[in-house]
Every structure is written in C-alpha cells, then in structure tokens.
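If you want the building blocks of each chain, they are given just below.
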Amino acid sequence: MVKEPEFRYKQCLIIRNDVKMSCGKRCAQAGHAAIGAYNAADKALQKAWLSEGQKKVVLKANDERTLYELKVLAERNGISTSLIQDAGMTEIPPGTITALGLGPAKSEDLDRITGTLTLL
C-alpha cells in the first residue's frame, strides 16, 4: 500500500463563486493569486512549501465580502495574502475582485481560516 505524502504546508486559492467567469478565466485568477501570495510569504515558508511539492487547494467563496474577511483573518495570523483585482480586458468589468491567495503557510493555520469553504 502506497503511503500518502503528508503536507505540512499549503497554499489556499479562493475564487469568487458569484462572478461569472469561464474555466480558463478562473484558472488565470487562481494563478495570479498563487504567485502574489507566494511572493509576499516569508522566505523560510517559501522554501519549506517548495520542498514538499507545493500543495495548493482551490476553494470557492460566495461573495467579495468573504474574500475581504478571509484576508483580514489571514493577515492577523501572519499569513501572506494576495487579493486579485481584474483589469477588465476580457470577460468581466475592470476592478472586479476575483480571487484571494493565502500562503504558503502551515496547513493547520490555513484550515482554521478556510475550513468552512468548499472546493471549487
């Protein structure tokens, strides 16, 4: 029996579920959130997360307010964040908040903040 790897660190990428976006658009927004949050993270956390295989979990939020609330909670807990605002060049109006990246951080710390969200 193959043992599942244990990830001590991860990144959470949260996409707004109330904004109509194509699958590709959602993926791009998640990518922006991942890079932004990674770049804002502590170097030691970056290294630990990279060495484990860069676990990412993509979740959905019901509205913009939820993203802001999660951002504040994460920042209060010392977790890097990246709130994504779209430029409006393709599918949605300029300035629309689309996604939030959190971490990398310890998995249990992120679970306390995002535990009520469901997978995208």
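For the structure, see preceding data.
I will try to describe carefully the structure that is included in this document. Source: prediction; values computed, not measured.

## Some details on the overall build of the protein
Okay, step 1: When helices and strands are tallied, the protein shows 4 helices and 5 strands.
Okay, step 2: When its helices and strands are written in sequence order, the protein yields β-α-α-β-α-β-β-α-β.
Okay, step 3: Rg of the C-alpha trace for the protein: 14 Å, near the compact-globule value of 14 Å for 120 residues, within the 12% margin.
Okay, step 4: Based on the C-alpha atoms only, the size of the protein along its principal axes is roughly 45 × 35 × 25 Å.
Okay, step 5: Evaluated residue by residue, the protein yields a buried proportion of 42% over its 120 residues.
Okay, step 6: Long-range pairs, those at least 24 residues apart, make up 73% of the contacts in the protein between residues at least 6 apart in sequence.
Okay, step 7: Summed over all atoms, the accessible surface of the protein reaches about 7000 Å², with 53% contributed by carbon and sulfur.
Okay, step 8: Each charge sign in the protein was given a centre, from 17 positive and 14 negative side chains, and these centres are 2 Å apart.

## Focus on the sheet that holds strand β1 (residues 9–16)
Okay, step 1: Read across the open sheet, the 5 strands follow the order β3-β4-β1-β2-β5; overall the sheet is mixed. Across the chains shown, the open sheet's two edge strands, defined by having one partner strand only, are β3 (81–85) and β5 (118–119).
Okay, step 2: For strand β2 (residues 56–61) and β5, the ladder comprises 2 bridges, and the chain directions are antiparallel. Residue pairing for β5: Leu 59 is matched across the bridge by Leu 119.
Okay, step 3: Sitting on the sheet, helix α1 (residues 23–40) touches β1, β3 and β4 (97–106), and the angle it makes with β4 is about 40°.
Okay, step 4: Here helix α4 (residues 107–114) sits on the sheet and contacts β1, β2 and β4; the angle it forms with β4, its principal contact strand, is near 145°.

## A few points about the nonpolar core
Okay, step 1: With 16 residues, the main nonpolar core has Ile 14, Ile 79 and Leu 102 as its most contacted residues.
Okay, step 2: The set of elements that each furnish at least two residues to this core consists of β1, β2, α3 (64–76), β4 and α4.
Okay, step 3: Ala 30, Ala 33, Ile 92 and Ala 99 belong to the second-largest nonpolar core, a separate cluster that totals 10 residues.

## Considering unusual backbone geometry
Okay, step 1: Of note, the amide linkage connecting Gly 103 to Pro 104 takes the cis form, showing an omega dihedral of 25°.
Okay, step 2: Among the structural elements, Pro 104 can be located in strand β4.
Okay, step 3: Although it is not a glycine, Gln 54 sits at a positive phi angle of roughly 60°.
Okay, step 4: Here Gln 54 lies in the loop between α2 (43–52) and β2.
Okay, step 5: In this structure Gln 54 comes out as partly exposed when scored by relative accessible area, which is 33%.

## Quick notes on α1
Okay, step 1: Look at α1: 26 Å from first C-alpha to last across 18 residues, which is about the 26 Å you get at 1.5 Å a residue.
Okay, step 2: Among the residues of α1, Lys 25, Arg 26, Gln 29, Ala 30, Ala 33, Ala 34 and Ala 37 are the ones counted as buried.
Okay, step 3: Where α1 is buried, its residues contact β1, β3 and β4.

Reading the values: the criteria
Along each chain, residue indices are assigned from 1 in the same order as the chain's sequence is written. Given that this is a predicted model, residues contribute local features only at a pLDDT of at least 70 and side-chain atom pairs are listed and counted only at 80 or more, while totals for whole chains, interfaces and linings are drawn from all residues. Side-chain measures here rest on the full set of heavy atoms in the structure, leaving out hydrogens and waters. In this description a helix means any DSSP run of H or I spanning at least four residues, a strand means any run of E spanning at least two, and both kinds are numbered starting from the N terminus. Throughout, the radius of gyration refers to the C-alpha atoms, and the reference size of a globule is 2.2 Å times the residue count to the power 0.38. Classification of residues uses two cut-offs on accessible area relative to the type maximum, computed with a 1.4 Å probe and protein chains only: under 20% is buried, over 50% is exposed, and between them is partly exposed. Residues count as neighbours in contact if any of their non-hydrogen atoms are within 4.5 Å of one another. Only the protein chains shown count as cover for residues, and the accessible areas themselves come from Shrake-Rupley with a 1.4 Å probe. In this tally Asp and Glu are treated as negative and Lys and Arg as positive; neither His nor the chain ends contributes. Think of each charge as sitting on NZ of Lys, CZ of Arg, CG of Asp or CD of Glu. A pair of strands is treated as paired once DSSP finds two or more bridges between them. Axis lines are fitted to C-alpha atoms, over the contacting stretch for helices. Their N-to-C directions set the angle, which ranges from 0 to 180 degrees. Within this scheme, the nonpolar core is defined by two criteria: the residues are buried Ala, Val, Leu, Ile, Met, Phe, Trp, Tyr or Cys, and they are joined through side-chain atoms within 4.5 Å. Take the number of residues in a helix, subtract one, and multiply by 1.5 Å to get its expected span.

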